[in-house]
Amino acid sequence: MARTAGSEGSRTEESIRRAAIGLIAERGFEAMTLRELARRVGVQPGTLYRYFPSKGRMLVELLLEHLEFLLGQWERTQPAGADPLERLRAFVDFHIRAHTLRRREVFVANMELRSLAPADRRRVVALRRRYEDILAGILHAGVAARVFRVPDVRVATFAVLAMLTGVGAWYRESGRLGKRELIDVHTQLVMQCVGAAPPDHDGRSP
């Protein structure tokens, strides 16, 4: 992808990305036009092609950026230890925080796979599988250590991800639960889902 040198170009590109995510989330990728996008950013339509050579290329880059963000952030924040219980708690915390922070990106990433060309779809799905494999690896380790009990790790992975990702669709900052309480509730639910030993009276797993 062509890049424009300098901070002004970087700011323009970021503005285009934010506006594109907003429009796609509001109307869907097929309904969004580049002319409408340019108007929202406040640039001429031709300016968009300095950053994205086509509308389809824009979509794949938005989806890849979202998944690369998740993978990179987890790499930087994951626990150093190998304890499956600690890693699963950390993953639940990370996933909920990331997916409530980037709600529109999550919505677009989940809804617009259908709009990708086959080769682009394979690239995005490969990154998505890498993210899924993080949780699957944690569950495999927990099963091997006999702290998790699940009938099928891959199915459990999809079930847990579906539950955690869905939080972004309904959670509101002004709601009854704060984010910390929300994460604590979902951590307990996930632990029950994977058959981990229930916490004792002060919240610690025995």
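Residues numbered from 1 in each chain as written. Predicted model: local features only at pLDDT ≥ 70, side-chain atom pairs only at ≥ 80, totals over all residues. Heavy atoms only, no water.

Draft legend 1. Here's a closer look at the overall build of the chain. Of the regular secondary structure elements, the chain holds ten helices and zero strands. For the chain, the succession of helices and strands along the chain, N to C, is α-α-α-α-α-α-α-α-α-α. C-alpha atoms of the chain, sized along the principal axes, occupy 60 × 40 × 30 Å. Across the 206 residues that make up the chain, the buried fraction comes to 44%. (Helix = DSSP H or I, 4+ residues; strand = E, 2+ residues; numbered from the N terminus. Buried < 20%, exposed > 50% of the residue type's maximum accessible area, 1.4 Å probe, protein only.)

Draft legend 2. Representation of the packing of aromatic side chains within the structure. Under the defined criterion, the tally for this structure stands at three aromatic pairs. Consider the rings of F91 and Y131, whose centres lie 5.5 Å apart with planes at 40 degrees: the pair is tilted. One end of the pair, F91, is in helix α5 (residues 84-101); the other, Y131, is in helix α7 (residues 118-144), and 40 residues separate them in sequence. The pair F91 / Y131 is uniform in exposure class, with both members buried. In this structure an aromatic cluster arises from ring pairing among W74, F91, F94 and Y131. Sitting over the ring of F69, R102 keeps its end group 4.0 Å from the ring centre. (Phe/Tyr/Trp six-rings, centres within 6.5 Å; stacked < 30°, edge-to-face > 60°. Lys NZ or Arg CZ within 6 Å of the ring centre and 35° of its normal.)

Draft legend 3. Main features of the packing of α5 against helix α10 (residues 179-193). Where α5 meets α10, the closest approach of the two axes is 10 Å, and the angle between their N-to-C directions is 135 degrees. Taken together, α5 and α10 sit at an angle that is classed as oblique. Crossing of α5 against α10: the hand is right-handed. Contacts between α5 and α10 involve L85, L88, R89, V92, D93, I96, R97 and T100 from the former and K179, R180, L182, I183, H186, T187, V190 and M191 from the latter. (Axes fitted to C-alpha atoms, helices over the stretch in contact; angles between N-to-C directions. Parallel < 35°, antiparallel > 145°, perpendicular 65-115°, else oblique. Left-handed = near helix turned anticlockwise from the far one by under 90°. Contact = heavy atoms within 4.5 Å.)

Draft legend 4. Structural detail: the nonpolar core. L37, M58, L63, L88, F91 and F148 are the most contacted members of the largest nonpolar core, which has 58 residues in total. Those elements giving two or more residues to this core turn out to be α1 (7-27), α2 (34-41), α4 (55-77), α5, α6 (103-111), α7, α8 (153-165) and α10. Both domains that meet at this core, namely domain 1 (7-52) and domain 2 (56-193), each give it at least three residues. Those residues in contact with L88 that lie beyond four places of it in its chain are L135, I138, L139, F148, V190, M191 and V194. (Core = buried A, V, L, I, M, F, W, Y, C linked by side-chain atoms within 4.5 Å. Domains from an automatic or database assignment.)

Draft legend 5. Broad picture of the domain arrangement of the chain. Each domain of the chain was delimited in the assignment, giving domain 1 (7-52) and domain 2 (56-193). Here domain 1 and domain 2 have C-alpha centroids that lie 27 Å from each other. Area buried by domain 1 at its contact with domain 2 is led by I21, F29 and F52, which between them contribute 47% of it. Contributing elements (two or more residues each) for the side of domain 1 that touches domain 2: α1 and α2. When its residues are assigned to classes, the side of domain 1 that touches domain 2 shows ten nonpolar, two polar and three charged. (Buried area = accessible area lost by both parts, 1.4 Å probe. Nonpolar A, V, L, I, M, F, W, Y, C, P; charged D, E, K, R; others polar.)

Draft legend 6. Looking closely at the side chain of K179. Secondary-structure assignment places K179 in helix α10. A distance of 3.1 Å separates the side chain of K179 from the side chain of T100, its partner in a polar contact. Contact partners of K179, with chain neighbours within four places excluded, come to R97, T100, Y171 and E173. (Polar contact = N/O pair within 3.5 Å; in protein donor to acceptor, adjacent residues only side chain to side chain.)

Draft legend 7. Representation of the confidence of the model for the chain. For the chain, the average pLDDT comes to 89, and 91% of its residues sit at 70 or higher. The least confident element of the chain, judged by mean pLDDT, is helix α9 (residues 167-170) at 80; the most confident is α7 at 97. The model gives residues 1-6 a pLDDT under 50, and that stretch makes 16 contacts with residues more than four places away or in other chains. (pLDDT = per-residue confidence, 0-100.)

Draft legend 8. Fine view of the packing of α5 against α8. Viewed as axis vectors pointing N to C, α5 and α8 meet at an angle of 45 degrees, and their least axial separation amounts to 9 Å. In terms of orientation, α5 and α8 fall into the oblique class. Pair α5 / α8 crosses with right-handed handedness. For the pair α5 and α8, contact is made by F91, V92, H95, I96 and H99 and by L161, L164 and T165, respectively. In terms of residue class, the contact of α5 with α8 is made up of five nonpolar, three polar and no charged.

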